Amino acid sequence: MTTMRVDRVEPGPIPRDGLVALAGRALGAVPPPAQVLAGILSVQVGAALAKQLFGVVGSAGTVALRLFFAALVLLVVWRPTMRIGRPAWTVVAGYGLVLGAMNLCFYLALAKIPLGIAVTIEFLGPLAVAIGGSRRWLDGLWALLAAGGVVLLTEGRGDLHIAGILFALGAAVCWASYILLGAALGRHSSDGGGLALGMALAALVVAPVGIVDSGAALLEPWVLAVGLGVALLSSVIPYSLELEALRRIPPRVFGVLMSLEPAVAAVVGLVVLGEVLAPVQWVAVLLVVAASVGATRTVRNTAT
């Protein structure tokens, strides 16, 4: 969540007081491409860490912990106002619901299929947004390349759980919706307040499902500690890194770097979780990465 990869909105001003200002100056010393790659790595390591909790609190419980702690941190940092008007609240509500559904679908997929495959399928969401509505033959080629990659993913190993694939596709649909709603959210809020409110709403939506699924296990001290780590790695840290990078590099370069996410997920799945993909599945991951890079470059070039 991916992602999750999951908390990308239009860049706004970072609060510049106290420790936050110090963190901002430290981030500024890191080259932007390194910030983006570090953010990608953080998201995928967070997903791998989250998978370790599935046996104790399940997918829903893990999502509830991640969203709860991420919302808590963002609310403390941004201190959003509740007086944002009805149109803004409508966008925040939609954004929060989609954010919760995206994370839940991704973690349910992650419980059944390898990390690299789940992220690669989920990545079809932003790819569809990038090329959606285009009538150029080149964008059709990128779509076919990505579709071929997904077909190869399912052919490379016979034990892939169909439910896991469907959950990953659901996460892809939610991610596409999340991007569109994120753009609307950026028009209604000038800082991270909208994101904080949306994250809080997502946590409220998912929390009952997680509590029913996991019960008192959610309150185990070590589970809470790991849940906090997942929230920091999967939401707070990558959001901060990507936001800072977007201030210093063109969106086209940012998009190309983000296209590496499926490949990074596959490597993290192999190294951290021991999830071995078949050779044809590695080819499939690279096909989706190539399609994303191509779509990002051609769409940006057309826009300019």
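This text goes with the structure placed above it.
Heads up: these notes are all about the structure in this document. (Residues numbered from 1 in each chain as written. Predicted model: local features only at pLDDT ≥ 70, side-chain atom pairs only at ≥ 80, totals over all residues. Heavy atoms only, no water.)

## Brief notes about the pattern of salt bridges
What counts, and what does not: We count a salt bridge whenever a side-chain nitrogen from Lys or Arg sits within 4 Å of a carboxyl oxygen from Asp or Glu. Helix numbering and strand numbering both begin at the N terminus, where a helix is a DSSP run of H or I of at least 4 residues and a strand a DSSP run of E of at least 2.
In the structure shown here, the tally under the stated rule is two salt bridges. Here K51 makes a salt bridge to E275, at a shortest N to O gap of 2.5 Å. Linking K51 in helix α2 (residues 32-51) with E275 in the loop between α12 (261-273) and α13 (279-303), this pair joins segments that are 224 residues apart in sequence. Of the charged contacts in the structure, one is a salt bridge between R136 and D139, with a shortest N-O distance of 3.2 Å.

## Some details on the environment of V206
Put simply, the rule is: Note on contacts: a residue pair is in contact if any heavy atoms of the two residues lie within 4.5 Å.
With respect to the secondary-structure elements, V206 resides in helix α9 (residues 193-214). As a C-alpha pair, V206 and L104 span 102 residues in sequence and 7.7 Å in three-dimensional space. For V206, the residues in contact, after removing those within four places along its chain, are A60, V63, A64, L67 and G100.

## What about the packing of aromatic side chains?
Formally: Aromatic pairs are defined between Phe, Tyr and Trp rings, using the six-membered ring for Trp, whenever the two ring centres lie within 6.5 Å; interplanar angles under 30 degrees are classed as stacked, those over 60 as edge-to-face, and all others as tilted. Exposed residues in this analysis have more than 50% of their type's maximum accessible area, buried residues have under 20%, and partly exposed residues fall in between, with area computed by a 1.4 Å probe over protein chains only.
Enumeration according to the criterion identifies five aromatic pairs in this entry. Ring centres of F68 and F69 lie 5.2 Å apart, and the angle between their planes is 70°; this geometry places the pair in the edge-to-face category. Aromatic pair F106 and Y107: ring centres 5.9 Å apart, planes at 55°, arrangement tilted. Neither F106 nor Y107 differs from the other in exposure class; each is buried. Ring-pair connections join several aromatic residues into one group, and the members of that group are F54, F106 and Y107.

## Examining the nonpolar core
The test is simple: Think of a nonpolar core as a cluster: buried Ala, Val, Leu, Ile, Met, Phe, Trp, Tyr and Cys residues, connected wherever their side-chain atoms sit within 4.5 Å.
Ranked by size, the top nonpolar core spans 66 residues in total, and within it F106 and L115 carry the most contacts. When sequence neighbours within four positions are dropped, the list of residues in contact with L115 reads Q44, A47, K51, F106, L110, A265, V268, G269, L273 and E275. Counting seven residues, the second-largest nonpolar core is a separate cluster that includes A245, I249, L257 and M258.

## Some thoughts on the environment of T298
Residue placement: T298 occurs in helix α13. Residue T298 is classed as buried on the basis of its relative accessible area of 12%. Separated by 159 residues in the primary sequence, T298 and D139 have C-alpha atoms spaced 7.8 Å apart. Leaving out residues up to four positions away in the same chain, T298 has contacts with R136, L138, D139 and W142.

## Points about α12
Convention followed: To estimate how far a helix should reach, multiply one less than its number of residues by 1.5 Å. This arc is taken over the directions from the axis of the helix to the C-beta atoms.
Taking 1.5 Å of rise per residue, 13 residues should cover 18 Å, and α12 covers 17 Å from first to last C-alpha, within 8% of that figure. Among the residues making up α12, those that are buried are E261, P262, A265, A266, V268 and G269. One face of α12 carries all of its buried residues, which in axial projection span an arc of 165°. Just beyond α12, the residue with positive phi is G274, at close to 70°.

## Digging into the packing of helix α4 (residues 86-110) against α9
To keep things clear, this is the line we draw: Comment: axis = line fitted to C-alpha atoms, over the contacting stretch for helices; angle = value between 0 and 180 degrees taken between N-to-C directions. Orientation labels follow simple angle bins: below 35 degrees gives roughly parallel, above 145 gives roughly antiparallel, 65 to 115 gives roughly perpendicular, and whatever is left gives oblique. Each helix crossing is assigned a hand: it is left-handed if the near helix lies turned anticlockwise from the far helix by less than a right angle, otherwise right-handed if that turn is clockwise. Amino acids outside the nonpolar list (Ala, Val, Leu, Ile, Met, Phe, Trp, Tyr, Cys, Pro) and the charged list (Asp, Glu, Lys, Arg) are all regarded as polar, and Gly is one of them.
Put simply, α4 and α9 touch, their axes get as near as 7 Å, and they point 50° apart. The angle between the axes of α4 and α9 places the two elements in the oblique class. When the axes of α4 and α9 are compared, the crossing they make is right-handed. Touching W89, V92, A93, Y95, G96, L97, L99 and G100 of α4 are G194, L195, L197, G198, M199, L201, A202, V205 and V206, all from α9. The residue makeup of the contact of α4 with α9, split by class, is 13 nonpolar, four polar and no charged.

## Some points on the environment of V43
Within the secondary structure layout, V43 lies in helix α2. Among the residues examined, V43 registers a relative accessible area of 1% and is labelled buried.

## Describing unusual backbone geometry
Non-glycine residue R79 carries a positive phi angle of around 45°. Take R79: its relative accessible area is 58%, and that puts it in the exposed class.

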